[in-house]
Amino acid sequence: QVQLVESGGGLVQPGGSLRLSCVASGSISLIHTMGWYRRAPGKERELVATISRAGRTNSVVDSVKDRFTISRDYDKDTVYLQMNSLKSEDTAVYYCTADVKIRLDYKTYTYWGQGTQVTVSS
């Protein structure tokens, strides 16, 4: 009943920037926490950052805390990840996630996007 669609990935040189977007649509009553995960080649999926409905942010990965910024647009049901000073180790598929209360039963479920590839390479 809910779809999350990411965009903004691509190929970028080291030191460059990208902004990922993730738009939620469907039978949405309320969106609680939104976040970004990533899975690098050969590694486990890791949580990058989250943002609550109140706007509290939490950057989980130490290596990105000073370079990545999560934000959201409540009117557009969209979450962003601004990524600056990108490094080769940031290469991964990035997934957005959202805890959504749906209109069908007014229960909260976690939804995932399909992922967007970010490749940092010269």
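Remember, predicted model here, so these are calculated numbers, not experimental data.

### A short note on the overall build of the protein chain
Part 1 of the argument: On a plain count of helices and strands, the protein chain comes out with 0 helices and 11 strands.
Part 2 of the argument: The N-to-C order of helical and strand elements in the protein chain reads β-β-β-β-β-β-β-β-β-β-β.
Part 3 of the argument: For the protein chain, the C-alpha radius of gyration of 14 Å lies close to 14 Å, the compact-globule estimate for 122 residues.
Part 4 of the argument: Over its C-alpha atoms, taken along the principal directions, the protein chain stretches across nearly 50 × 25 × 25 Å.
Part 5 of the argument: When contacts within the protein chain are restricted to residue pairs at least 6 apart in sequence, those whose partners lie at least 24 apart make up 55%.
Part 6 of the argument: Surface accessibility of the protein chain: about 6,500 Å² in total, with carbon and sulfur atoms responsible for 45%.
Part 7 of the argument: A distance of 3 Å separates the average location of the 15 positive side-chain charges in the protein chain from that of its 12 negative side-chain charges.

### What about the pairing of strand 7 (residues 68–73)?
Part 1 of the argument: On strand 7, burial follows the alternation: Phe68, Ile70 and Arg72 on one face are buried, whereas Thr69, Ser71 and Asp73 on the facing-out side are not.
Part 2 of the argument: Two strands pair when backbone bridges link them, and strand 7 and strand 8 (residues 78–83) are joined in this way by 6 bridges, in the antiparallel orientation. Bridge pairing in strand 8 links Ser71 to Tyr80.
Part 3 of the argument: With antiparallel pairing between neighbouring strands as the criterion, strand 7 and strand 8 make up a hairpin whose turn holds 4 residues, including Asp77 at a positive phi of roughly 50°.

### Considerations on the pattern of salt bridges
Part 1 of the argument: For the coordinates displayed, the defined rule picks out 4 salt bridges.
Part 2 of the argument: Asp90 serves as the salt-bridge partner of Arg38, at 3.0 Å between the closest nitrogen and oxygen. With Arg38 in strand 4 (residues 28–39) and Asp90 in the loop between strand 8 and strand 9 (92–102), this residue pair connects regions lying 52 residues apart in the sequence.
Part 3 of the argument: When its relative accessible area of 6% is taken as the criterion, Arg38 is described as buried.
Part 4 of the argument: Residue Asp62 pairs with Lys65 through a salt bridge whose shortest N-O separation is 3.0 Å.
Part 5 of the argument: Residues participating in the shared-partner salt-bridge network are Arg38, Glu46, Arg67 and Asp90.

### Topic: the side chain of Ser52
Part 1 of the argument: By secondary structure assignment, the location of Ser52 is in the loop between strand 5 (46–51) and strand 6 (57–59).
Part 2 of the argument: Its relative accessible area of 14% is what places Ser52 among the buried residues.
Part 3 of the argument: If we skip the residues at most four places from it in the chain, Ser52 touches His32, Thr33, Arg72 and Tyr74.

About the thresholds
- Residues numbered from 1 in each chain as written.
- Predicted model: local features only at pLDDT ≥ 70, side-chain atom pairs only at ≥ 80, totals over all residues.
- Heavy atoms only, no water.
- Helix = DSSP H or I, 4+ residues; strand = E, 2+ residues; numbered from the N terminus.
- Rg over C-alpha atoms; globule rule 2.2 N^0.38 Å.
- Contact = heavy atoms within 4.5 Å.
- Areas by Shrake-Rupley, 256 points an atom, 1.4 Å probe, with all protein chains shown as cover.
- Lys, Arg positive; Asp, Glu negative; His and termini not counted.
- Charge placed at Lys NZ, Arg CZ, Asp CG, Glu CD.
- Buried < 20%, exposed > 50% of the residue type's maximum accessible area, 1.4 Å probe, protein only.
- Pairing = 2+ DSSP bridges.
- Salt bridge = Lys/Arg side-chain N within 4 Å of Asp/Glu carboxyl O.

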